[in-house]
Amino acid sequence: IVKNKKEILGFILKKFFKLITLLIALCIVTFILLEKSPLDPVQAYVGADLTVTQEQRENIAEYWGLNKPPLERFSSWFRAIAKGDLGRSMIYRRDVVDVISERFMASLALMLVAWVVSGVLGFILGIVSGINEGKFIDKFIRGYCYVLISTPTFWIGILLIIIFSVKLFPTGLGVPIGVLSDEVTISSLIKHLTLPALTLSILGVANICLHTREKVIEILSSDYILFAKARGESKKSIVFNHVIKNVALPAITLQFLSFSELFAGTVFAEQVFS
């Protein structure tokens, strides 16, 4: 037991060390790319305002620390990042952490709803497709999944806007425009959440469905299923007592692994639905 604990602790420490080194390398590469960028941050901030004098530009550069050597700027930036200080937003005039945290809850709600719906639908469709291998419904579900895998998130979102948004569901923002946050109702939040969540759910169904289908076919061709059929068990009994129990764990594992993919999909969905 002690040996196993040491092995587990060593494994965790090794993974943690890899994570830290990866984040440090990511920070270095990010800083170098921004440093070599042809864009001037002061010019990007000032824009086309011709009234800004050269002295004011130098004051802005000094305020941001752009007049310091690159190594000193990286050191200052990295220490701030390590402390969780992401600086202040130039648009909102607030700490970046506060701006992100305020909006992240809406993104998290969208991801969780889409994750649950896609997992449940994918699991059910995979079982239905697997137990009807070779039949019309199996071919239809597989074709549906293959189409979804090759479909971009933003295109599905635009398609849903064209079809459903005129009278059924709103498309802009996460809450009604002009309504105070404490006056927003649950039904209104659900209406605004429906289309983007449906967009992510539709696309998330394919992987879990195809994986579940293959597992169901594999289980149905196993020896213990043949033995259950020989004992006279009905198809319904075999599915509920043997197939679902054995295919549930791999499906759940795959579903948890796919959660990270939702982050990229959520970015596109939120851009389409504002």
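Predicted, not measured: the structure shown is a model, and the values here were computed from it. (Residues numbered from 1 in each chain as written. Predicted model: local features only at pLDDT ≥ 70, side-chain atom pairs only at ≥ 80, totals over all residues. Heavy atoms only, no water.)

1. Quick word on the packing of aromatic side chains
One pass over the structure, following the stated rule, counts 5 aromatic pairs. Joined through ring pairs, the aromatic side chains of Phe31, Phe74, Trp77 and Phe78 make up one cluster. (Phe/Tyr/Trp six-rings, centres within 6.5 Å; stacked < 30°, edge-to-face > 60°.)

2. Points about the layout of surface pockets
By rolling a water-sized probe across the atoms, one finds the places where empty space is left. The volume enclosed by the largest pocket comes to roughly 1500 Å³. Looking at the largest pocket, it is lined by 30 residues, and the ones nearest its centre are Pro41, Trp64, Leu66, Trp77 and Met90. Broken down by secondary-structure element, the contributors of at least two residues to the lining of the largest pocket are helix H1 (2–35), helix H2 (41–46), helix H3 (54–64) and helix H4 (70–82). In terms of residue count, the dominant contributor to the lining of the largest pocket is H4 (6 residues). Within the lining of the largest pocket, the residues separate by chemical class into 16 nonpolar, 5 polar and 9 charged. (1 Å grid on protein atoms, 1.4 Å probe; cavity = no way out; pocket = protein on both sides within 12 Å on 5 of 7 lines; lining within 4 Å. Points joined across faces, edges and corners; volume = space filled by probe spheres on them. Helix = DSSP H or I, 4+ residues; strand = E, 2+ residues; numbered from the N terminus. Nonpolar A, V, L, I, M, F, W, Y, C, P; charged D, E, K, R; others polar.)

3. Looking at the side chain of Ser129
By the element assignment, Ser129 lies in helix H5 (residues 96–131). Polar contacts involving the side chain of Ser129 include one to the side chain of Asp138, which spans 2.3 Å. (Polar contact = N/O pair within 3.5 Å; in protein donor to acceptor, adjacent residues only side chain to side chain.)

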